[in-house]
Amino acid sequence: MHPNLLAALLIILAMALAALLLVAVRQPVSRRLAFRQLARRKTEAALVISGSVLGTAIIVGAWSSGTP
């Protein structure tokens, strides 16, 4: 990874996590509904998470190998 991008990416990650935390704190009903759906549909949630991880890995792999 490019060391000069590391600081910028960490800042973007921190801002995204702060925004997520702000939404979770300010909207307790949405948070409750999300966790309820997660508890009810465990397989679907696992498929969504694994798909997101796989897609991210493919994109990062393409970027790191230099494939456009």
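Values in this document were obtained by computation on a predicted structure and should not be read as measured data.

**Looking at the overall build of the protein**
Line of reasoning, step 1. A count of helical and extended segments in the protein gives 3 helices and 0 strands.
Line of reasoning, step 2. In sequence order, the secondary structure elements of the protein are arranged as α-α-α.
Line of reasoning, step 3. Here the C-alpha atoms of the protein give a radius of gyration of 16 Å, more than 25% beyond the 11 Å that 2.2 N^0.38 yields for 68 residues.
Line of reasoning, step 4. The C-alpha extent of the protein, read off along each of the three principal axes, is 40 × 25 × 15 Å.

**Some thoughts on helix α3 (residues 42-65)**
Line of reasoning, step 1. Helix length check: α3, at 24 residues, gives a terminal C-alpha distance of 34 Å against a target of 34 Å (1.5 Å per residue), a fit within 8%.
Line of reasoning, step 2. Positive backbone phi, at 85 degrees, marks Gly66, one or two positions downstream of α3.

**Section: the pattern of salt bridges**
Line of reasoning, step 1. Applying the stated criterion across every chain yields a total of 1 salt bridge.
Line of reasoning, step 2. The partner of Arg41 in a salt bridge is Glu44, with the nearest N and O atoms 3.8 Å apart.
Line of reasoning, step 3. By relative accessible area, which is 46% here, Glu44 ends up partly exposed.

**Side note on a positive patch on the surface**
Line of reasoning, step 1. Where like charges cluster on the molecular surface, the positive patch consists of Arg31, Arg32, Arg36 and Arg40.
Line of reasoning, step 2. Take Arg40: it is sitting in helix α2 (residues 28-40).

**Concerning the environment of Glu44**
Line of reasoning, step 1. Within the secondary structure layout, Glu44 lies in helix α3.
Line of reasoning, step 2. With 26 residues separating them along the chain, Glu44 and Ala18 place their C-alpha atoms 26 Å apart.

**Focus on the confidence of the model for the protein**
Line of reasoning, step 1. Residues with a pLDDT of 70 or more make up 94% of the protein, whose mean pLDDT is 88.
Line of reasoning, step 2. Confidence scores differ between elements of the protein, with α2 showing the lowest mean pLDDT of 88 and α3 the highest of 91.

**Structural notes on the environment of Ser64**
Line of reasoning, step 1. Structurally, Ser64 is set in helix α3.
Line of reasoning, step 2. Looking at Ser64, its side chain comes within polar contact range of the main-chain oxygen of Gly61, at 3.1 Å.

**Some thoughts on a nonpolar patch on the surface**
Line of reasoning, step 1. Taken together, the side chains of Leu6, Leu10, Leu13, Leu17 and Leu20 define a hydrophobic patch exposed on the protein surface, amounting to about 490 Å² of accessible area.
Line of reasoning, step 2. We classify Leu20 as exposed; its relative accessible area is 57%.

What counts, and where the lines are drawn
- Residues numbered from 1 in each chain as written.
- Predicted model: local features only at pLDDT ≥ 70, side-chain atom pairs only at ≥ 80, totals over all residues.
- Heavy atoms only, no water.
- Helix = DSSP H or I, 4+ residues; strand = E, 2+ residues; numbered from the N terminus.
- Rg over C-alpha atoms; globule rule 2.2 N^0.38 Å.
- Expected span 1.5 Å × (residues − 1).
- Salt bridge = Lys/Arg side-chain N within 4 Å of Asp/Glu carboxyl O.
- Buried < 20%, exposed > 50% of the residue type's maximum accessible area, 1.4 Å probe, protein only.
- Patch = residues over 30% accessible without salt bridge, like charges linked within 9 Å, V, L, I, M, F, W, Y side chains within 5 Å.
- Areas by Shrake-Rupley, 256 points an atom, 1.4 Å probe, with all protein chains shown as cover.
- Lys, Arg positive; Asp, Glu negative; His and termini not counted.
- Charge placed at Lys NZ, Arg CZ, Asp CG, Glu CD.
- pLDDT = per-residue confidence, 0-100.
- Polar contact = N/O pair within 3.5 Å; in protein donor to acceptor, adjacent residues only side chain to side chain.

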